[in-house]
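Listed below are the residues making up each chain.
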Amino acid sequence: KRLILIGPPGSGKGTQSPIIKDEYCLCHLATGDMLRAAVAAKTPLGIKAKEAMDKGELVSDDLVVGIIDDAMKKPSCQKGVILDGFPRTVVQAEKLDEMLQKQGAKIDKVLNFAIDDAILEERITGRWIHPSSGRTYHTKFAPPKVPGVDDVTGEPLIQRKDDTAAVLKSRLEAFHRQTEPVIGYYKNKGAVAELHAEKSPKEVTTEVQKVLSS
Ligand code: AP5
Ligand code: ZN
């Protein structure tokens, strides 16, 4: 299967991805995670991406299309992928269509994590992550066993630099202005499934499973 996960910051894309990935043996490509790794490693790509990310703006289409193009060519991603956070502009969606066409592949489903903006600030400001695995926690909704520590490795958890109320505002603005049109783009192709992303993580997982088994 080839799936796209679209939704505003904090809607649960990164929380649901590992579950879907394990169940369907897919490769999980999250442009945000890849960009953050590049920023941390101070690669040329990371240096170019950092400023926009810190401000909550989108990184240029060329940069992210380049990372996805490389990643999709990996043998492990040929059978199926979860695209988490890509495409985020109509230009990116068009480029993705070109890449898939070359592979003779197509998108099976676009999962739209629909949710009201008002819920997102609490989700974003309470999030803690384990950077090397991408595991995500929340102080209130999904607390780690020991505060500030990853359940599996015992390593420290961190907060994302863009997870502040102020930066969230510009991320939401970017979502509504640049990413919502992408949902329309796929609706025209009839590939969009709506999720109630305000429900509990378990309930959202059940909705995802229903969509993917239908
Ligand atoms: P990215 O990393 O993609 O961030 P985002 O889209 O803002 O999404 P988030 O990761 O914040 O949210 P999520 O939906 O994964 O939420 P999560 O499951 O963690 O992008 C970051 C930046 O990179 C962008 O601003 C941009 O600069 C750049 N970028 C990335 N891709 C790009 C592209 N294609 N083009 C251009 N630029 C790009 O959940 C959030 C919290 O809520 C967690 O603490 C979690 O535990 C909790 N939670 C999850 N689900 C529930 C639930 N159902 N109930 C209660 N709590 C929940
Ligand atoms: Zn995420």
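The structure presented is a predicted model; accordingly, all values stated were derived computationally and were not measured. (Residues numbered from 1 in each chain as written. Chains lettered and ligands numbered in written order. Predicted model: local features only at pLDDT ≥ 70, side-chain atom pairs only at ≥ 80, totals over all residues. Heavy atoms only, no water.)

Caption draft 1: Local environment of the overall build of the protein chain. Each helix and strand counted, the protein chain has 8 helices and 7 strands in total. Scaling as 2.2 N^0.38, a compact globule of 214 residues should have a C-alpha radius of gyration of about 17 Å, and the protein chain matches this with 16 Å. Dimensions along the principal axes, computed over C-alpha positions, put the protein chain at roughly 45 × 40 × 35 Å. For the protein chain, with 214 residues in total, the buried portion stands at 43%. Partitioning the intrachain contacts of the protein chain with sequence separation of at least 6 by distance along the chain shows that 69% fall at a separation of at least 24. Carbon and sulfur atoms make up 55% of the accessible area of the protein chain, which amounts to about 11,200 Å² in all. Positive and negative side-chain charges of the protein chain, numbering 32 and 30 respectively, have mean locations separated by a distance of 3 Å. (Helix = DSSP H or I, 4+ residues; strand = E, 2+ residues; numbered from the N terminus. Rg over C-alpha atoms; globule rule 2.2 N^0.38 Å. Buried < 20%, exposed > 50% of the residue type's maximum accessible area, 1.4 Å probe, protein only. Contact = heavy atoms within 4.5 Å. Areas by Shrake-Rupley, 256 points an atom, 1.4 Å probe, with all protein chains shown as cover. Lys, Arg positive; Asp, Glu negative; His and termini not counted. Charge placed at Lys NZ, Arg CZ, Asp CG, Glu CD.)

Caption draft 2: Highlighting the pairing of strand β6 (residues 135-138). As defined by bridge partners, strand β5 (residues 127-130) adjoins β6 across 4 bridges and the pair is classed as antiparallel. Across the sheet, Trp128 pairs through a bridge with Tyr137, a residue of β6. Connecting β5 to the antiparallel partner β6 that follows it, the hairpin turn spans 4 residues, and Gly134 within it adopts a positive phi of roughly 85°. (Pairing = 2+ DSSP bridges.)

Caption draft 3: Examining the state of the cysteines more closely. Enumeration over the complete set of coordinates arrives at 1 disulfide. Sulfur-sulfur distance for the disulfide between Cys27 and Cys77 comes to 2.0 Å. Residues Cys27 and Cys77 are joined by a disulfide whose S-S torsion is about 70°; by sign, that bridge is right-handed. Highlighted residues: Cys27 in strand β2 (residues 27-30) and Cys77 in the loop between α4 (61-72) and β3 (81-84), separated in sequence by 50 residues. The burial state of Cys27 is the same as that of Cys77; both residues are buried. (Disulfide = S-S within 2.5 Å.)

Caption draft 4: Seen up close, helix α5 (residues 90-103). With 14 residues, α5 should cover 20 Å at 1.5 Å per step; its first-to-last C-alpha distance of 20 Å lies within 8% of that length. Residues Gln92, Ala93, Leu96, Met99 and Leu100 constitute the buried set of α5. Around the axis of α5, the buried residues are gathered within 120° of arc, so they sit on the same side. Projecting away from the buried face of α5 at angles above 90 degrees are the exposed residues Gln101 and Lys102. (Expected span 1.5 Å × (residues − 1). Arc of directions from axis to C-beta.)

Caption draft 5: View of the site of ligand 1. Every one of the 34 residues lining ligand 1 counts as a neighbour, but Thr15, Glu57, Arg88, Arg127 and Arg171 are closest to it. One of the backbone N or O atoms of Glu57 is found 2.6 Å from an oxygen atom in ligand 1. Arg160 is positioned with one of its side-chain polar atoms (N or O) 2.9 Å from an oxygen atom of ligand 1. In the complex, 96% of the free accessible area of ligand 1, which totals 1,000 Å², lies under the protein chains. (Near = heavy atom within 4 Å. Polar contact = N/O pair within 3.5 Å; in protein donor to acceptor, adjacent residues only side chain to side chain.)

Caption draft 6: View of the packing of helix α2 (residues 31-40) against helix α3 (residues 44-55). Across the interface, α2 lies against α3 with an axial gap of 8 Å and an inter-helix angle of 115°. Viewed along their axes, α2 and α3 adopt a mutual orientation that is roughly perpendicular. Relative to α3, α2 is oriented so that their crossing is left-handed. Across the interface between the two elements, Gly32, Leu35, Arg36, Ala38 and Val39 from α2 touch Leu45, Gly46, Ala49, Lys50 and Met53 from α3. For the contact of α2 with α3, the residue count by class is 6 nonpolar, 2 polar and 2 charged. (Axes fitted to C-alpha atoms, helices over the stretch in contact; angles between N-to-C directions. Parallel < 35°, antiparallel > 145°, perpendicular 65-115°, else oblique. Left-handed = near helix turned anticlockwise from the far one by under 90°. Nonpolar A, V, L, I, M, F, W, Y, C, P; charged D, E, K, R; others polar.)

Caption draft 7: Quick look at the layout of surface pockets. Of the volumes computed, that of the second largest pocket is approximately 160 Å³. Residue assignment for the lining of the second largest pocket shows that the elements contributing at least two residues are α4 and α5. Grouping the constituent residues of the lining of the second largest pocket by class yields 3 nonpolar, 2 polar and 5 charged. (1 Å grid on protein atoms, 1.4 Å probe; cavity = no way out; pocket = protein on both sides within 12 Å on 5 of 7 lines; lining within 4 Å. Points joined across faces, edges and corners; volume = space filled by probe spheres on them.)

Caption draft 8: Representation of the environment of Ala191. By secondary structure assignment, the location of Ala191 is in the loop between α7 (165-187) and β7 (192-196). As for Ala191 and Glu98, which are separated by 93 residues in sequence, their C-alpha atoms are 17 Å apart. Residues in contact with Ala191, not counting those within four places in the same chain, are Asp108, Lys109, Val110 and Tyr186.

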